[in-house]
Structures are given as structure tokens and as C-alpha cells.
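What follows is the residue order along each chain.
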Amino acid sequence: MTNDLSRKDKTLGEALRSQGISRRSFLKFCAATASMMALPPSMIPTIANALEKARRPSVIWLSFQECTGCTESLTRAHTATIESLIFDSISLDYHHTLQAASGHAAEAAREAAMEENDGKYLLVVDGSIPLGNPGYSTIAGISNYDMLIDTAKGAAAIITVGTCAAFGGIPHARPNPTGAVSVSDIIKDKPIINVPGCPPIPVVITGVLTHFLTFGAIPELDHLGRPKTFYGQSIHDRCYRRPFYDKGLFAETFDDEGAKAGWCLYKLGCKGPTTYNACATTKWNGGVSFPIEAGHPCLGCSEPDFWDGGGFYKAISIPTENITKTTIYAAAAGVAAGVAIGATGRMKKASANKSHQKVTIDDLKK
Amino acid sequence: MSEIELLNWARGPGFQIASVIFVAGILIRLVEILMLGRKANLAEAKGSAMSSGLRTIITRTVPDASTYKRSVFTVTSGYVFHIGLFITIFLYAPHILLFKDVLGFGWPALPTSVIDATAVVTIISLVAVLVHRLKDPVKRFLSTFDDYLGWFVTILPLVTGYIAFHRIGMPAPSLIAIHILSVELLMIVFPFTKLMHAFTLFLARYYNGAISGYRGVQS
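Reading the values: rules and limits
- Residues numbered from 1 in each chain as written.
- Chains lettered and ligands numbered in written order.
- Predicted model: local features only at pLDDT ≥ 70, side-chain atom pairs only at ≥ 80, totals over all residues.
- Helix = DSSP H or I, 4+ residues; strand = E, 2+ residues; numbered from the N terminus.
- Buried ≥ 20, exposed ≤ 12 C-beta atoms within 10 Å, placed from the backbone.
- Pairing = 2+ DSSP bridges.
- Axes fitted to C-alpha atoms, helices over the stretch in contact; angles between N-to-C directions.
- Contact = placed C-beta atoms within 7 Å.
- Nonpolar A, V, L, I, M, F, W, Y, C, P; charged D, E, K, R; others polar.
- Domains from an automatic or database assignment.
- Expected span 1.5 Å × (residues − 1).
- pLDDT = per-residue confidence, 0-100.
- Parallel < 35°, antiparallel > 145°, perpendicular 65-115°, else oblique.
- Left-handed = near helix turned anticlockwise from the far one by under 90°.
- Core = buried A, V, L, I, M, F, W, Y, C linked by C-beta atoms within 7 Å.

### Examining the overall build of chain B
1) Next: In terms of regular secondary structure, chain B is built from ten helices and zero strands.
2) Next: Along chain B, from the amino end to the carboxyl end, the secondary structure elements read α-α-α-α-α-α-α-α-α-α.
3) Next: Taken along the three principal axes of its C-alpha coordinates, chain B extends 65 × 35 × 35 Å.
4) Next: Across the 219 residues of chain B, 30% fall into the buried class.

Below, the structure written as C-alpha cells:
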């Protein structure tokens, strides 16, 4: 079975069938994917056909400054989902967290895959790249920067998985001690699909892969390089708690009556209004729930600099800095300046009065 | 700069800069006015300056009948947009959160739909006063750059806020950032234009009432 699975020329359809996935559940997956990507039902056979015949593309997965949460998100599903099988059915030739090989053997696998599939392989990156000092993060003695430059050269496209790779993420947060940057800050000449999230929704990762396999092209992206099908709408616009926002009904604390009644979490710092992701529609854990449904405000993790928004529990309308302190100093300075200007005015007036000379009859006679 | 970076800047350093200019600017001007002082009035007082002054602060809030008859539009539209501004600025839940963060206390909000409708009415009345200002030859003659600037920086946060609330045309973080930046522009311009009347009007009314009271005449 293992040998069978790793056969490089095997199509995706063959791989799925060999794992006991029925035609019916395969088509159901294709239908779900079509609707998720807002494609008409007439596209389902096209997707099925394309996936059926797709050769397992070679995928090289590079992990830089990251926490492995993105990989966990994708692989640690409660049950083996069809998405994870699709994922199994790509030829994941290099992923140093998942692969058995390590050190030079692992690097040899990466180099072999690059050579064999030059110009055709998909490069998946999670984690940010430190520019401060190459020694901050290395793999087999190779700096993240060098490995990215080297591996990106022969890639057909790059998928950045997670906010760190897409926008710099947590390592990029102030004061950014490692000088962390995103993939798109470095690579300018390859198509890059950003799949941000901390971590991204597993089905979004597989959805993007499916799109690439089906159409052989990258999906339509927004101005931040995110696929519009998944990042086209904000959490706020699709949130089931939105009617409470519109009515002005807010939970004030995590355990008040409003929280129990499921009211809007805006006052508790929800970043749903400024966050574009599919959580409110696709949801997590096989469509069970998403953070807001569990009673926690959205952190805005699929947006750049979500770590620097002044705190997760600070509402969007609240300033990120301490304005009370600022205004007290400003008020003191204002009063002092006002007194100084007023005093100068008084002194001027006094000296003008002093130097004032009365006009006498004699003056007029002159 | 991504829109979230812009939003973070507007919520952070941008708001800090605007707050410093707003607060310091207002206090500089108020202290300067108060330090001008008045010459001692040597005439015998014919009534109470203070009671007349305090009364005038309230009485001048209501227009007298003849003024109202003469300028129905000016008075009515003036009331509409001032009350509208008060409601949209001070009774919208997200705004109250900001005041609570800065002042340490908050107050109850109005339902969002009421704020939404009020914003529309306020925008319409502000547009109407501008049209009236441009059409009326006397008003146009008396208008300076200061008047138009004051009008512009007042209507801008209303319009950007309305668009941000309805999330029209741009990603939401940009819309909210633009709204906050427009408020910051208002705060920076505020102390140095006629908008300063929001803080000087009570002072002026009191003074007008007080001099009349001292002389024993009706203010």
C-alpha cells in the first residue's frame, strides 16, 4: 500500500480509490469544493475529471520561523478527512516536520525533487524569513533566506500557508527582533498565493491545492494575494451574531447575560469587522464551530500585523496607545503655553502703556 | 503599507498626535482668552453680573421669536445638524468605548439604526447649509476660507463614518482607517478655526449676560 501510494505516476483518482474512497464521496467532495469556490454546479464534472486525472504534483514544503501550527491544522484532523487524503495524494517530497529523513538525507530529497520537477513543483512555505541575521533560523546549516531563494527558482507557484509566511505574522510583530519578513517581501517573480491564518482553515489549504490541480492556474486573488473565494468576505459580514451588532446588543464581559444570550462580541475586542477569512462560513473541525461561535472574539489572524493591533481584547474603536496619559501631558503643556503667551501679551501691553506719552498742547503746536 | 498597518497607525500614533494638538490647542486658546482679563468696572453695579451671565448661557440656546422668523432655515438647520452631531458622536456604541477608554467612564448608547438614520439627516442638513451659504449673497459675502474648512472637516467624518459603517467600496480596514484619519483631521483643525466656538460659546454667552446684568439691563 505504501509503495503503491508513493508511486509518482499515479493519478489522484487512483490514489483515492486505493485508499477506499468511493466514487460517491469523491463527487461529494468535488461538489462541496465547487460550491465553496463559488463555481456553478456545471463545473463539478470538470473538477472531478481534472482531479481524477491529475498526476500527483510534487510539493516541497519549507518551514521557516513558525510554530508548526499550520502543519498541525492540516494534518491533525480528528478523523482522516477526504481533504487530508487529497493532501496525502500529492507527492509531498520535502517537509522536514513530517518526513522521516533528516539532515543531509532530507536536503538530498529536496534537491532531487527540485531537479526532477524543475519548473513544475509547488512550493509551500510556512513561517517567516529572518533578515536580521541568517543564523536566527537555519535548516541543515542553510539559512531560510538562501533556501527560499534556491527553492523558489524552479517552482511553478508558491503557496504561503499561514500568516507568518504570508505577512510576517508573529515573528514580524513589534519590535520584530529577527527582522522577519514574508515570502512576498523577498520573491517577486513567481505567482504567490497567500493562505493566511493562524493557522489557516485546513479546507482552505486543500481548496487552493484543488483549484491549482483542477485549473492548472492560481485562483483569483485579492490585493493581499489571498484567494477571493475564501477571503472575499469579512467575518463580520458573514457572522451569525451580526444582527446583534446592528441592533446595538453587545456582550460587555465574557460571562454577562449578553454573552450568554450570544450577543455581538465587538466590545470584547472582536476583529471580525476588519478581518477577511472563511471562518464564519467554512468553520473549523469539520464545520462544527468557529471562535466567535465558541464565545471568543475574532483575533483577526488572517490580516497583516494582527499582533500589533493594541491587544486582542481592545475594540477596534479604541486607540492602541494610552491616550489618557497623552492628553494629561498635552493639557499641562497647553495650559503652560497659554499662560506664557498670555503673560507675554500682558507684558507687551504694560510696556506699551509705560512708554505711552501723552500729547500736549505744545506737541500740537509744533 | 497594508490597510491594517494604516488602521494601526490611525488608532495608535495618529490618534496620539491628533489628541495632543487638540487638547493643547484648545487650552492654549482658552487660557490666552482668560488671561486677557477685563478692566475693573468702576461704575456702580445695578444688578447681579453672575446670575445674568449664567441665565444668558441658557436663554441664548433658544432663539428669540423675531430671529427665528427672520431666518427659519438657518436656525432650524443649525439645530438639526448640531443635535445630529451630538447623537452620532456621543451616543454610538463604538464611540462610547473610545470615550470610556480615555475618560474612564461611559454611558448608554442608542441603537445602531438610530445612529445610522441620524447620520443621514445630519449629512443632508450640512449639505443644505452649505448650499444656503453659497446661494445667499450676504452669507456668501461674509464667508471666509475658515468657514468652508470648518464645514469640510465636520462633514468628512460623518461621510467616512457612514461609508465605513455600511462597508461600501473598499476593504473594511481601509474604510475604518480613513474614518479615524478624518476625525484626526477634525481634531487638528479644531482649535485653530471657528470650530473653537464649541468651547468658547459658553464663555462668550456668560460675558454678554454678565455685562448686561451689571448694568441692570436685560440680556
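### Overview of the environment of V72 of chain B
All names here are of chain B.
1) Next: The topology assignment puts V72 in helix α4 (residues 72-90).
2) Next: Residue classification places V72 among the exposed residues on the basis of 11 C-beta atoms within 10 Å.
3) Next: For the pair V72 and I33, spaced 39 residues apart in sequence, the C-alpha separation works out to 32 Å.

### Some thoughts on the sheet that holds strand β9 (residues 192-195) of chain A
What links the strands of a sheet is backbone hydrogen bonding, and the strands pair in either a parallel or an antiparallel sense.
Residues and elements named next belong to chain A.
1) Next: Taken in spatial order, the five strands make up an open sheet running β2-β1-β3-β7-β9, and their pairing is parallel. Strand pairing shows two members of the sheet lacking a second neighbour, β2 (91-95) and β9, which therefore form its edges. Geometrically, the sheet is characterised by an average inter-axis angle of 20° between neighbouring strands, direction not taken into account.
2) Next: Pairing geometry for strand β3 (residues 121-126) and strand β7 (residues 155-161), over five bridges, is parallel. Counted as the bridge partner of V124 is I159 from β7.
3) Next: Relative to the sheet, helix α7 (residues 103-116) contacts β1 (58-63), β2 and β3, its axis offset from that of β2 by approximately 135°.
4) Next: Set on the sheet, helix α8 (residues 144-152) makes contact with β1, β3 and β7; between it and β1 the angle comes to about 165°.

### What to know about the pairing of β7 of chain A
Residue and element names in this part refer to chain A.
1) Next: By the criterion of burial, β7 is predominantly enclosed, with five of the seven residues buried.
2) Next: Across four bridges, the pairing between β7 and β9 is parallel. Residue pairing across strands places I159 opposite I193, the latter belonging to β9.

### Considering the interface of chain A and chain B
1) Next: With 38 residues of chain A in contact, the opposing surface of chain B contributes 36 residues.
2) Next: Mapped by element, the contributors of at least two residues to the side of chain A that touches chain B are α15 (242-247) and α18 (323-355) of chain A.
3) Next: It is α18 of chain A that provides the largest number of residues to the side of chain A that touches chain B, a total of 15 residues.
4) Next: Grouping the constituent residues of the side of chain A that touches chain B by class yields 16 nonpolar, 13 polar and nine charged.

### Concerning the domain arrangement of chain A
1) Next: Its domain assignment divides chain A into domain 1 (56-231), domain 2 (235-308) and domain 3 (327-354).
2) Next: For domain 1 of chain A and domain 3 of chain A, the distance between their C-alpha centres works out to 62 Å.

### A short note on α18 of chain A
1) Next: With 33 residues, α18 of chain A should cover 48 Å at 1.5 Å per step; its first-to-last C-alpha distance of 47 Å lies within 8% of that length.
2) Next: Every buried residue of α18 of chain A is accounted for by I323, A330, G334 and G338 of chain A.
3) Next: At its buried positions, α18 of chain A is contacted by α1 (3-36) and α5 (93-103) of chain B.

### Observations regarding the environment of I57 of chain B
1) Next: As for its placement among the helices and strands, I57 of chain B is situated in helix α2 (residues 49-59).
2) Next: If sequence neighbours within four positions are ignored, I57 of chain B has contacts with F202, R205, Y206 and G209 of chain B.

### Focus: the confidence of the model for chain A
1) Next: For chain A, mean pLDDT is 88; residues scoring 70 or higher make up 94% of the total.
2) Next: Predicted confidence is poor over residues 1-5 of chain A, with pLDDT under 50, and the contacts of this stretch with residues over four places away or in other chains come to three contacts.

### Describing α5 of chain B
1) Next: Along α5 of chain B, the residues that are buried comprise A93, P94, I96, L97 and L98 of chain B.
2) Next: One or two steps after α5 of chain B, the chain reaches G104 of chain B, where phi turns positive at roughly 95°.

### Overview of unusual backbone geometry
1) Next: With omega at 0°, the peptide bond leading from R174 of chain A into P175 of chain A counts as cis.
2) Next: On the secondary structure map, P175 of chain A appears in the loop between α10 (169-172) and β8 (180-181).
3) Next: A cis amide bond links C198 of chain A with the next residue in sequence, P199 of chain A, at an omega value of 0°.
4) Next: The backbone phi angle of R167 of chain B is positive, close to 55°, even though this residue is not glycine.
5) Next: Summarising the element assignment, R167 of chain B is placed in the loop between α8 (145-166) and α9 (172-189).
6) Next: The partly exposed category is assigned to R167 of chain B, around which 15 C-beta atoms lie within 10 Å.

### Focus on the packing of helix α3 (residues 23-36) of chain A against helix α4 (residues 44-53) of chain A
All names here are of chain A.
1) Next: Relative orientation of the contacting elements α3 and α4 amounts to 120°, with a least axis distance of 9 Å. Between α3 and α4, the crossing angle belongs to the class labelled oblique. Between α3 and α4 lies a crossing of right-handed hand. Residues F26, L27, C30, A31, T33 and A34 of α3 pack against I44, I47, A48 and L51 of α4.
2) Next: For the contact of α3 with α4, the per-class residue count stands at nine nonpolar, one polar and no charged.

### Comments concerning the nonpolar core
1) Next: In this structure, I60, L123, V125 and I158 of chain A are the most contacted members of the largest nonpolar core, which totals 119 residues.
2) Next: The dominant element in this core, judged by the number of residues it contributes, is α1 of chain B, at twelve residues.
3) Next: Both domains that furnish three or more residues to this core are identified here as domain 1 (56-231) and domain 2 (235-308) of chain A.
4) Next: Apart from the residues lying within four places of it in its own chain, the contact partners of I158 of chain A are L123, V125, A152, V183, I187, K190 and I192 of chain A.

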